[in-house]
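# What the coordinates show
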Amino acid sequence: MRAFFITQTLILSVVLSLSAPAQDVDEQLLLEHFHSISSEEIAGWMTELCSPEYNGRLAGTPEYIASAEWVADKLNDWGIKPAGDSGSYYQWFDQPYTVVNDAGSLQLHITQKDGTAILKSYIAPADYYPGMNSGSGEITAEVVFVGYGVTAPELNYDDYKGIDVKGKIVLMNRDVPYKDALNPQYAKWVRYCYHQYKVENAAQHGAAGMLYIDGNSANPNISYIENMIVCGIGPEPLADIFAGLGKTNTAITGQIDKSFKPASFATGKIMTIKANTTRHPEGRACNIAGIIEGSDPVLKDEVIIIGAHLDAVGNAGGILVPGGFDNASGVVDIMAAAKALAGSGIKLKRTLLFLLLGGEETGLVGSKCYTANPIFPKEKTVTYINLDMVGNGTGLAVSASASCAALIEYFKTANSKYIHRPMRSSTSSVIYYGRPRSDGLVFLAEGFRTMDISTTDGVKPVWYHLPGDDATAVTPEIMEDVSKLIYLTFVVMANAGPFGF
Ligand SMILES: [Zn+2]
């Protein structure tokens, strides 16, 4: 009885403690809630967020808002306090959006020897993908190849120079000819990388349609221009456009990349694109913000933020992309850790902010909204930890900006003590001049210390922005361990002494 009593009350100065002394935490309590994190519950939440009810969670849509409410209700159930606008869980922002009513069509006009034309119809999403932000309507016109669709006079580069695209369909590649995003030179090209720029530039040159060579997956072309019909194409229509011309896109763009000389030309091929969309300029979306308030009178002003984007790419007229791995996975990893942390009642000196972002897929709108209107001052933010596509594989990886490299040790220690997964870690001090492609990079660009948690050695196929990205595209066992890692690390980080930065 006495021995039992001693075990029960055994207080361990958390074994995870590093150089800085951690608050004493009852290890039994710590482990009890650690073991409460379950892959079954995580898998159930994945199924919920991937359900047709939320229609692919496109930011701005009522279905996205319904998914945000579902997450906020959970936080509320667990006693996590709202930290959004006017005492709510939500941080709102404008989010115009486009509904794709049906998959439309894409056809090639093949001229026969007798001069008549037959139509070759392509299949969505195997051959083409409806432009997620396309104008509504139909265009039949000649296809004109315009390289990267860039007009950059200051760089002495213009894909539209000497070429007439009025009323035509322009065909272009994503990105820009300059590829070295670690070179400061790249900074001059960045503004020309954006889909939005490319659509606008095509419209400015009088094009009526746009075919985008983008790997053929749902691509929320951020920009919407009325009457500009946009469609993403895969290998087959691309090959048909180049057929008989004695060239390939790969060869031509390779040449452009080498010479920085545009190689635009009219293909002579006629195509018809049909798009059926409805624009909603009035759309609004939100981030979801919940906190566990720190208990220390001074340290509670410091906050550790963990975030993941809740939104996904939606439904292209019946082609539903549920957004499982990308990024319901990151959201539910955080939810499981949040539930365990709140349920444990373990006192945390610093404040934790759980931030589920909206509008990542529509231009990183949610992270831009947060960094422009931070709930806690940047100076008081220990780090922003981003989770994007975290739940496929058998290993873990943690990375940090050079400004908070020391924090990696907290994750390593928790893993080696309690989780025992292979873990990689890295610190990045390189400056990336390319366009930010993740919420974490938005925080970094705004001067926050940032970290990423990811999973490695994927065992499931990755259906990036494709219908296969559903609740089965993840491995819930590694997600359980990601949540446990966050849970353990946060207890120690929240209670650690000064970090020295
Ligand atoms: Zn994502």
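Residues numbered from 1 in each chain as written. Predicted model: local features only at pLDDT ≥ 70, side-chain atom pairs only at ≥ 80, totals over all residues. Heavy atoms only, no water.

### Observations regarding the overall build of the chain
Check the secondary structure of the chain and you find 12 helices and 23 strands. Relative to the compact-globule value of 23 Å for 501 residues, the chain shows a C-alpha radius of gyration of 25 Å, a close match. Its C-alpha atoms give the chain principal-axis dimensions of roughly 100 × 45 × 40 Å. When burial is assessed residue by residue, the chain has 54% of its 501 residues classed as buried. Roughly 20000 Å² of accessible area belongs to the chain as shown, and the carbon and sulfur atoms make up 54% of that amount. (Helix = DSSP H or I, 4+ residues; strand = E, 2+ residues; numbered from the N terminus. Rg over C-alpha atoms; globule rule 2.2 N^0.38 Å. Buried < 20%, exposed > 50% of the residue type's maximum accessible area, 1.4 Å probe, protein only. Areas by Shrake-Rupley, 256 points an atom, 1.4 Å probe, with all protein chains shown as cover.)

### Comments concerning helix α7 (residues 249-259)
Residues of α7 that are buried: Asn 249, Ile 252, Thr 253 and Ile 256. Take α7 and look down its axis: the buried residues cluster within an arc of 90 degrees, on one side only. Structural note: α7 exposes Thr 250 and Lys 258 on the side pointing more than 90 degrees away from its buried face. Those residues of α7 hidden inside the fold are in contact with β8 (137-145), β10 (157-158), β11 (169-173), β12 (209-213), α6 (235-242) and β14 (265-280). Positive phi shows up at Phe 260, right after α7, with a value of about 55 degrees. (Arc of directions from axis to C-beta. Contact = heavy atoms within 4.5 Å.)

### Brief notes about the pattern of salt bridges
Here the structure, examined in full by the defined rule, presents 12 salt bridges. Across the pair Arg 421 and Asp 481 runs a salt bridge whose closest N-O atoms are separated by 2.7 Å. Separated by 60 residues along the polypeptide, Arg 421 in the loop between α10 (408-419) and β22 (423-428) and Asp 481 in helix α12 (residues 476-495) bring together distant segments of the chain. Because the salt bridges share partners, they merge into one network encompassing Lys 120, Glu 236 and Asp 240. (Salt bridge = Lys/Arg side-chain N within 4 Å of Asp/Glu carboxyl O.)

### With respect to the layout of surface pockets
Each pocket or cavity is described by its volume, and for the largest pocket that value is around 1200 Å³. Around the largest pocket sit 46 residues that line it, and Leu 364, Pro 436, Arg 437, Ser 438 and Leu 441 are the ones nearest its centre. Those elements that provide at least two residues to the lining of the largest pocket are α5 (195-204), β21 (395-401), α11 (439-445) and β23 (450-456). Here the residues of the lining of the largest pocket are counted per class, giving 19 nonpolar, 17 polar and 10 charged. Estimated volume of the second largest pocket: approximately 180 Å³. Contributing to the lining of the second largest pocket are 14 residues, with Gln 95, Pro 96, Asn 133, Ile 222 and Thr 362 lying nearest its centre. Residues of the lining of the second largest pocket, tallied by class, amount to 8 nonpolar, 4 polar and 2 charged. (1 Å grid on protein atoms, 1.4 Å probe; cavity = no way out; pocket = protein on both sides within 12 Å on 5 of 7 lines; lining within 4 Å. Points joined across faces, edges and corners; volume = space filled by probe spheres on them. Nonpolar A, V, L, I, M, F, W, Y, C, P; charged D, E, K, R; others polar.)

### A look at the packing of helix α3 (residues 39-49) against helix α4 (residues 62-77)
Running from N to C, α3 and α4 point in directions that differ by 150 degrees, and their axes come no closer than 11 Å. On the basis of the axis angle, α3 is roughly antiparallel to α4. Between α3 and α4, the contacting residues are Trp 45, Glu 48 and Leu 49 on the first element and Ser 67, Trp 70, Val 71 and Lys 74 on the second. A breakdown of the residues in the contact of α3 with α4 according to their chemical character gives 4 nonpolar, 1 polar and 2 charged. (Axes fitted to C-alpha atoms, helices over the stretch in contact; angles between N-to-C directions. Parallel < 35°, antiparallel > 145°, perpendicular 65-115°, else oblique.)

### Overview of unusual backbone geometry
With an omega dihedral of 0 degrees, the bond running from Ala 124 to Pro 125 counts as a cis peptide bond. Looking at where Pro 125 falls in the secondary structure, it is placed in the loop between β6 (117-121) and β7 (128-130). With omega at 5 degrees, the peptide bond leading from Asp 326 into Asn 327 counts as cis. Even without a glycine there, the phi angle at Asp 175 is positive, about 65 degrees. Checked against the element boundaries, Asp 175 lands in the loop between β11 and α5.

### Some thoughts on the coordination of the zinc ion
Taken together, the protein ligands of the zinc ion are His 309 (NE2), Asp 326 (OD), Asp 388 (OD) and Asp 388 (OD), with distances of 2.0 to 2.8 Å. Taken together, the 4 donor atoms surrounding the zinc ion define angles of 50 to 146 degrees at the centre, an arrangement classified as irregular. All donors of the zinc ion belong to a single chain; written as a sequence motif, their spacing is H-x16-D-x61-D. Here the residue His 309 occupies a position in strand β16 (residues 303-309), and Asp 388 occupies one in the loop between β20 (381-386) and β21, the gap between them amounting to 79 residues. (Donors = N, O, S within 2.8 Å, 3.2 Å for Na, K, Ca; no water. Tetrahedral: all angles 85-135°; square planar, octahedral: opposite > 155°, others 65-115°.)

### What about the pairing of β20?
With 6 of 6 residues buried, β20 lies mostly within the body of the structure. Two strands pair when backbone bridges link them, and β16 and β20 are joined in this way by 5 bridges, in the parallel orientation. Among the inter-strand pairings, Val 303 is bridged to a residue of β20, identified as Thr 381. Strand direction decides the pairing type here: β20 and β23, joined by 3 bridges, are parallel. The residue bridging Asn 386 from the neighbouring strand is Asp 452, located in β23. (Pairing = 2+ DSSP bridges.)

### With respect to the environment of Val 190
Its place among the elements puts Val 190 in the loop between β11 and α5. The spacing of Val 190 and Ile 334 is 144 residues in sequence and 32 Å in space, taken between C-alpha atoms. Once residues lying within four places of it in the same chain are set aside, the contact partners of Val 190 are Tyr 433, Gly 434 and Arg 435.

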